[in-house]
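Each chain, letter by letter, is given below.
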Amino acid sequence: MQLLVSQLLNGVGLGMIYFLVAVGLTLIFGVMRFVNFAHGVFYLLGAYGVLTLSEHGANFFVAVVGSIALVMIFALVLERGVLSRVYELPPFFHILSTFGVTLMVEEAVRTFWTAAPHRVPTPPGFRGLATLGPFFYPNYRLVVIAIAMVCAVALWVFLERTRYGATIRAGAEHRETVRLLGIDVARLFSFNFVLGAGLAALAGALVSPIRGVDPNMGLEALAIAFVVCVVGGLGSFRGALVAALLVGIMQSLATSLWGSGASLVAYLVMMLVLLVKPQGLFAGPGRSTS
Amino acid sequence: MISQLTGRFRTVAIYILALCCLPFAMPSVPLATEIVIMTLATLSCHLLLAYGPLLSFGQGAFFGIGAYIGGLYALHVGSSPFGGAGTALLIGGAGTAIAALAVGMVALRRIAGLGGHGVGGVTFLMLTFAVAQVAYFAAYNIPQVTGGENGLLNIPRLPVGVPGLPGLPLESAGAFYLFCAVVLGLVVLLVDLFVNSTVGQAFRAIGENEQRASAIGYNVFVLRLALFVMSGAIAGIAGVLYGMFLGLVPLSAIDLTQSERIVIMTALGGTGSLLGALLGTICFVLGSDLLSKIWPHWPFALGAAIVLVVFFARGGVLGLIENLLRAVTGKPSQGRSV
């Protein structure tokens, strides 16, 4: 019972991390019809940012915020300087340019931090176990779940209840109309891109004490985010949340049954869902062909 | 430009010419062999992109599956009368085609009606990316079959010939190059015949407007599935040759970077003509061979090169050469859109 509760909570935590990465990808695609292959890079840099900032003596949470801010600045420069010039080209060139950026950033990470994995210490004060009734669970992982959930709710409120969120959703539905209504689409795109990058950086920063950091973590997260998008439907917030939690929980439950094969489970879940529902769980605004 | 040189079979003719020159033009015969093998892999991605029009990030998975099938065949059946390099290629290609059929059924059904240029193409990319990961994790997790992290070792290089007669040995670098070159030449000939056939024309229609093609009565799903299976089989054949070439199948033959390499070579070459696959592969294999000797962090330059291709050479190296020829001869474009 203790094991089951632990694995379920692990699954929720993992799922929320996957959600943070995938929702950025889905937002960027939904609004901009832009395929961001470099999304894993923000996750990767978010984690390495925490590593370096905490090595220089910053408090863990200061390091997380600082790391996210740095990644968002990088994302803004990248979007304005390079990627915004590619938007009008066919999707193949979106993939190619962001893939090129991914190779460059990963190699830069290998140059500055070496290819070896590093450990990030769990912040002091969150090291012990919490008691939840008759069960125990690591404090830090509860913090991760709490932060991710607060962010998910905040994002939902932002998208559904604010004017800017409405603009983003309108952009996902019909970009040309939004442009005709006089909204600065370029600024909307930049904002959206940086928001997505920040969410991925947050995910990377939060998992760094749990899994450590290594140069391949970005592509691994990207692969899972792709699975989440395929299962949940591109451009759908709800789809991303449900699919991410589904994948996270299944993967975590499988870890206790089939240790080394757990990495396969996310993909098996995807295959099963697609066999039962070939169009994915939810058909988001991406259903309408563009 | 190049199109006016030899008429109908110009692409095949240029391929054969290039294959004759390659071992002498390259620093070594094994490097030329590697180029020939990787050109096959690139061709598999190129076909899907040019005619699907779908970008697959999973061709490395089929390459690896082919390599493992070929390797296991050579290890376990190789010494029997049926053991030959040709049979290994057939079995590897057929096995990979079955794997591609299974993947294609799911992936292409998921994107049915979504458009190759839009959401459908993106979802396909994501799906095939996931397939590449599955193949890698699967190979890693069944070391009894694949050798896991150590790879599949001591694969004999089978002779080629007819069952019953003594086969021609392929141990020497030159003989093996010749064998690979013949395989590539045959595949290019078949692919060229295919893309210029009536069925091949149907893919042009799909590429231009999927909904219109399907309204005319083309079964887009079935056509794409056939293309996907064919390109999977080609990647598998490349994998079989790769295993024979190295004498082992490393785990890296099936990992994500293998798929990445194939996509990079496809993009570097350009998709305007089948020649793009050869050009892209030469640039990548030769470039990485030279650069990796002088700069350990050469993938950085590779990433930069890809970004530069997007900004300045969207037709790939092939497009650059065509532009150059056009500038030299002063003739207008052939109108090949890339």
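Residue indices follow the written sequence of each chain, beginning from 1 at its first position. Chain letters and ligand numbers both follow the written order, the letters beginning at A and the numbers at 1. For a predicted model such as this one, the threshold for reporting local features is a pLDDT of at least 70, and the threshold for listing and counting side-chain atom pairs is 80 or more; totals across whole chains, interfaces and linings nevertheless cover every residue.

Take the overall build of chain A next. For the purposes of this entry, the term helix denotes a DSSP run of H or I that reaches at least four residues, the term strand denotes a run of E that reaches at least two, and both are numbered from the N terminus. What chain A contains, in helices and strands, is 11 helices and two strands. The linear arrangement of helices and strands in chain A, starting from the amino end, is α-α-α-α-β-β-α-α-α-α-α-α-α. Radius of gyration: C-alpha atoms only; globule rule: 2.2 Å multiplied by the number of residues to the exponent 0.38. The globule rule puts the C-alpha radius of gyration for 290 residues at 19 Å, and the 19 Å found for chain A is close to it. Its C-alpha atoms give chain A principal-axis dimensions of about 60 × 45 × 35 Å. Counts of 20 or more other C-beta atoms within 10 Å of a residue's own C-beta define buried residues, counts of 12 or fewer define exposed ones, and intermediate counts define partly exposed ones; C-beta atoms are placed from the backbone. Each of the 290 residues in chain A was classed as buried or not, and the buried ones make up 51%.

To continue, consider the overall build of chain B. A count of helical and extended segments in chain B gives 14 helices and zero strands. Reading chain B from its N terminus to its C terminus gives the helix and strand order α-α-α-α-α-α-α-α-α-α-α-α-α-α. Compactness check: chain B gives a C-alpha radius of gyration of 20 Å against a globular reference of 20 Å for 338 residues, within 12% of the reference. In terms of overall dimensions, chain B has a C-alpha envelope of 55 × 45 × 45 Å along the principal axes. Scored against the burial criterion, the 338 residues of chain B give a buried share of 52%. Contact definition: two residues whose C-beta atoms, as placed from backbone geometry, lie within 7 Å. The long-range share in chain B, meaning contacts at least 24 apart out of those at least 6 apart in sequence, stands at 76%.

Our focus in this paragraph is the packing of helix α1 (residues 10-25) of chain B against helix α2 (residues 29-51) of chain B. Residue and element names in this part refer to chain B. Between α1 and α2, the least distance of the axes is 8 Å, while the angle of their chain directions is 145°. On α2, the residues that touch Leu 19, Leu 22 and Pro 23 of α1 are Val 29, Ala 32, Ile 35 and Val 36. Of the residues belonging to the contact of α1 with α2, the class tally is seven nonpolar, no polar and no charged. Lines fitted to C-alpha atoms define the axes, with helix axes restricted to the stretch in contact, and inter-axis angles between N-to-C directions lie between 0 and 180 degrees. For this scheme, ten residues count as nonpolar: Ala, Val, Leu, Ile, Met, Phe, Trp, Tyr, Cys and Pro. Four count as charged, namely Asp, Glu, Lys and Arg, and the remainder, Gly too, count as polar.

A few words on the nonpolar core. One finds A:Val227, A:Val228 and B:Ala130 to be the most contacted residues of the largest nonpolar core, which totals 213 residues. Among residues more than four places away in sequence, those in contact with A:Val227 are A:Val247, A:Ala266, A:Tyr267, A:Met270 and B:Ala130. Buried Ala, Val, Leu, Ile, Met, Phe, Trp, Tyr and Cys residues form a nonpolar core when they are connected through C-beta atoms within 7 Å.

This paragraph deals with the interface of chain B and chain A. Contact residues are listed per partner, giving 35 residues for chain B and 42 residues for chain A. Where the side of chain B that touches chain A is concerned, the elements lending two or more residues are α4 (85-110), α5 (119-141), α11 (256-269) and α13 (299-312) of chain B. With 14 residues, α5(B) is the largest single contributor of residues to the side of chain B that touches chain A. Of the residues belonging to the side of chain B that touches chain A, the class tally is 23 nonpolar, nine polar and three charged.

What follows concerns the pairing of strand β2 (residues 135-138) of chain A. Residues and elements named next belong to chain A. The rule for pairing is simple: two strands pair if DSSP sees at least two bridges between them. Of the strand pairs in this sheet, strand β1 (residues 129-132) and β2 are connected by four bridges, and their pairing is antiparallel. The partner of Ala 130 across the bridge, within β2, is Tyr 137. With antiparallel pairing between neighbouring strands as the criterion, β1 and β2 make up a hairpin whose turn holds two residues, including Gly 133 at a positive phi of roughly 60°.

Below, the discussion takes up helix α4 (residues 91-113) of chain A. Residue and element names in this part refer to chain A. Each residue after the first adds 1.5 Å to the expected span of a helix. Compared with the 33 Å implied by 1.5 Å per residue over 23 residues, the 32 Å span of α4 between its first and last C-alpha is a close match. With 17 of 23 residues buried, α4 is to be regarded as a mostly interior element. At the C-terminal side of α4, Thr 114 shows a positive phi close to 65°.

Moving on, we come to the environment of B:Val182. Relative to the elements of secondary structure, B:Val182 occurs in helix α7 (residues 173-195). B:Val182 sits in the partly exposed class, given 13 other C-beta atoms within 10 Å.

The next subject is the environment of B:Leu17. Within the secondary structure layout, B:Leu17 lies in helix α1. By C-beta crowding, B:Leu17 is classed as exposed, having 12 other C-beta atoms within 10 Å.

Quick look at the packing of α11(B) against helix α12 (residues 275-294) of chain B now. Each pair of packed helices can be described by the angle between their axes along with the distance between the axes. Residue and element names in this part refer to chain B. Between α11 and α12, the shortest axis-to-axis distance is 7 Å and the interhelical angle comes to 115°. As α11 runs across α12, the sense of the crossing is right-handed. Contacts from Ile 264, Met 265, Thr 266, Leu 268 and Gly 269 in α11 reach Gly 276, Ala 277, Leu 279, Gly 280, Thr 281, Cys 283 and Phe 284 in α12. Class assignment for the residues of the contact of α11 with α12 results in seven nonpolar, five polar and no charged. Handedness of a crossing follows from how the near helix is turned relative to the far one, being left-handed for an anticlockwise turn of less than a right angle and right-handed for a clockwise one.

Here we come to the environment of B:Ser252. All names here are of chain B. You can see Ser 252 is positioned in the loop between α10 (220-246) and α11. We classify Ser 252 as partly exposed; it has 14 C-beta atoms within 10 Å. Expressed as a C-alpha distance, the spacing of Ser 252 and Pro 169, which sit 83 residues apart in the sequence, is 27 Å. Beyond its immediate stretch of four places on either side in the chain, Ser 252 contacts Thr 257 and Gln 258.

For the rest of this paragraph, the subject is helix α3 (residues 59-76) of chain B. The first and last C-alpha atoms of α3(B) sit 26 Å apart over 18 residues, in line with the 26 Å expected at 1.5 Å per residue. α3(B) sits mainly inside the fold: 16 of its 18 residues count as buried.

Let us now look at unusual backbone geometry. A cis amide bond, omega -15°, links B:Gly52 with the succeeding residue B:Pro53. By secondary structure assignment, the location of B:Pro53 is in the loop between α2 and α3. Although it is not a glycine, A:Arg33 adopts a positive phi angle of roughly 50°. Here A:Arg33 lies in the loop between α1 (2-32) and α2 (39-55). Within the chain, B:Asn154 stands out as a residue other than glycine whose phi angle is a positive 55°.

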